[in-house]
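# A structural walkthrough
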Amino acid sequence: MEKLKYERPVIQKLNSGLSNKFGSATEIEPFTHIDGVPVKKLIETYGSPLFVFSERQIRAKYEEVKTMFTTRYPKVQFGWSYKTNYLNAICNVYHQMGSWAEVVSGFEFEKALKNGVPGNKIIFNGPDKTEADLSLAIEHNSLIHIDHFDELYTIQKLTQTLDKKPKVAIRVNMDTGVYPIWDRFGFNYENGQAWDAVNKIMSSGQMDMVGLHCHIGTFMLTPSAYGVAAAKLANLFMRIKQKFGQVLHYIDVGGGLPSPNNLKGTYLPGADMVPPIEDFAETIATALLNSDIPPNELPLLILESGRLLIDEAGYLLGTVIATKRLSSGRRSTVLDFGLNTLFTSMWYNHKISPAQEVSNFKEDMVLYGPLCMNIDVVRESIILPPLSKGDLVVAHTVGAYNVTQWMQFIAMRPNVVLIDMRGNPHLIRRAETTETLNQMEELPEHLSQFTL
Ligand SMILES: *Cc1c(COP(=O)(O)O)cnc(C)c1O
């Protein structure tokens, strides 16, 4: 047998994650590809900044979350929250997977119809439904979630001229143990307003009451709140059954489940802060199953999750415009996207990665956007390797609310790309141009000319 070579033993101090005199160790991995497509190539082809969505990640997340609910409750239906992201391509990914549409305005309603969602699978929420919106919804047998008494009376009035019985549910707000209470939407449970609305609807005989709805908050970190909400809706369900003999089709617990994003003002990163989504599924399912509702009459459980489903599947790619030292000596880096494009940086500390190999040196810096506005800050403080003009960066977990709340202010809205299941990018929304803006404007004749 060959003699083994002697190797000198070494003791090495491991200090990963521990602080030393230079601060805490932060590993910064460059993020160079999305679903196998190089970030650099995406920017070369579609420009910078650029929103990129991963169809693979959207589908995987949906299936994962759906399974959490379907393994705990027999009848589950998701309704895609249009306002979270209403690009048609994105909505249709959800519709292909079986999601209904949840809309909160007339134009979202029309978008859902145009995407091909059957009217009776469109849930119409929101406090601002015009008579025209309501008529359209009634005509299409959509599920109208009544927000206030004024809306209830408007529907009542419309039924006098339309020969269709509107399908309605009421939005219920309540004390779930999380404060402040979201009591501006719908009818309050505790003070009897919700019961009042139920009685008005049931006695009118002109509406078909099909369900109960609540939307108790957003980025909720307390699973038990959903248990309380589901239990209260189950009580209301039983009271309706006892008084009117009517068995409702569904209980809709709304959206608000958190994505693993880094909420400003929280100590831990989102991945550590956010409870497992299974806990939410468990508490909702348990509340319904343990209620007095007989097993053969269990309602369909509807979920209107938005941010939880899409946030992680969205990326914003951008480019460093400039770097400078502030008067305090602090490093600042100016990016080509800011609050205009990444509106959610108002309340999240989005993770930002460099998209190319970086040095081992790191420095605390501030990331500015491109706007000529003092408030345009993407990150007040972030530890990154020094970046130079032309370097690429990727902002993570930006899929929810950005491509709906973005604004055309100083800069135009950029291209949006979807990478399909095979890794092929598709342009799903074109960047705006000066032409896009001018199309909307009219110039009075007397202002058409001037001399300077
Ligand atoms: C905004 C909204 C949702 C989606 O909320 P998320 O926090 O994104 O899950 C669902 N239902 C209603 C009624 C909404 O207004």
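The rules behind these values
- Residues numbered from 1 in each chain as written.
- Predicted model: local features only at pLDDT ≥ 70, side-chain atom pairs only at ≥ 80, totals over all residues.
- Heavy atoms only, no water.
- Domains from an automatic or database assignment.
- Contact = heavy atoms within 4.5 Å.
- Buried area = accessible area lost by both parts, 1.4 Å probe.
- Salt bridge = Lys/Arg side-chain N within 4 Å of Asp/Glu carboxyl O.
- Polar contact = N/O pair within 3.5 Å; in protein donor to acceptor, adjacent residues only side chain to side chain.
- Helix = DSSP H or I, 4+ residues; strand = E, 2+ residues; numbered from the N terminus.
- Nonpolar A, V, L, I, M, F, W, Y, C, P; charged D, E, K, R; others polar.
- Core = buried A, V, L, I, M, F, W, Y, C linked by side-chain atoms within 4.5 Å.
- Buried < 20%, exposed > 50% of the residue type's maximum accessible area, 1.4 Å probe, protein only.
- Near = heavy atom within 4 Å.
- Areas by Shrake-Rupley, 256 points an atom, 1.4 Å probe, with all protein chains shown as cover.
- 1 Å grid on protein atoms, 1.4 Å probe; cavity = no way out; pocket = protein on both sides within 12 Å on 5 of 7 lines; lining within 4 Å.
- Sits in = over half its atoms within 2 Å of the grid points.

Bringing the domain arrangement of the protein into the picture now. A common measure of how large an interface is: the accessible area buried when the components associate. Assigned domains of the protein: these are domain 1 (33–52 + 314–433) and domain 2 (86–305). One C-alpha centre belongs to domain 1, the other to domain 2; they are set 35 Å apart. With 15 residues of domain 1 in contact, the opposing surface of domain 2 contributes 11 residues. Roughly 1200 Å² is buried in total at the junction of domain 1 and domain 2, and carbon and sulfur atoms are behind 61% of that figure. On inspection of domain 1 and its partner domain 2, the count reaches 1 salt bridge. The salt bridge involving Lys264 is made with Glu380; its shortest N-O contact spans 3.5 Å. Along the contact surface separating domain 1 from domain 2 lie 6 residue pairs in polar contact (both at pLDDT 80 or more). Those elements that provide at least two residues to the side of domain 1 that touches domain 2 are α12 (402–405), β21 (416–419) and β22 (425–429). Grouping the constituent residues of the side of domain 1 that touches domain 2 by class yields 7 nonpolar, 5 polar and 3 charged.

The biggest cluster of nonpolar side chains holds 103 residues, and the ones touching the most others in it are Phe69, Ile146 and Ile170. Among the elements that take part in this core, helix α8 (residues 223–244) stands out by supplying 10 residues, more than any other. Residue contacts for Ile170: discarding those within four places in its chain leaves Ile146, Phe187, Ala194, Ala197, Val198, Ile201, Met209, Gly211, Leu212 and His213.

Now for the environment of Met68. Examined against the element boundaries, Met68 turns out to sit in helix α2 (residues 55–70). In this structure Met68 comes out as buried when scored by relative accessible area, which is 9%. A sequence separation of 209 residues divides Met68 from Ile277, and the C-alpha atoms of the two residues are 7.8 Å apart. Discounting chain neighbours no more than four positions away, the residues touching Met68 are Ile277, Glu278 and Ala281.

The environment of the ligand is made up of 15 residues, and the closest members are Lys83, Thr218, Gly256, Glu304 and Tyr401. Separating an oxygen atom of the ligand from a side-chain N or O atom of Lys83 is a distance of 2.6 Å. Note that an oxygen atom of the ligand is positioned 2.6 Å from one of the side-chain N or O atoms of Thr218. Coverage of the ligand by the protein amounts to 94% of the 390 Å² it exposes when considered alone. A majority-of-atoms criterion places the ligand in the second largest pocket. A class-by-class count of the residues in the shell around the ligand yields 1 nonpolar, 9 polar and 5 charged.

This part is about unusual backbone geometry. Of all residues except glycine, most have a negative phi; of all peptide bonds, most are trans. Ser48 connects to Pro49 through a cis peptide bond whose omega is 0°. By secondary structure assignment, the location of Pro49 is in the loop between α1 (39–46) and β5 (50–54). Looking along the chain, the bond that leaves Tyr179 and enters Pro180 is cis, with omega of 0°. By secondary structure assignment, the location of Pro180 is in the loop between β10 (167–173) and β11 (187–188). In this structure, Phe219 takes a positive phi of about 50° despite not being glycine. Considering the arrangement of structural elements, one finds Phe219 in the loop between β12 (208–213) and α8. Take Phe219: its relative accessible area is 9%, and that puts it in the buried class. A positive phi angle, close to 70°, is found at Ile410, a residue other than glycine.

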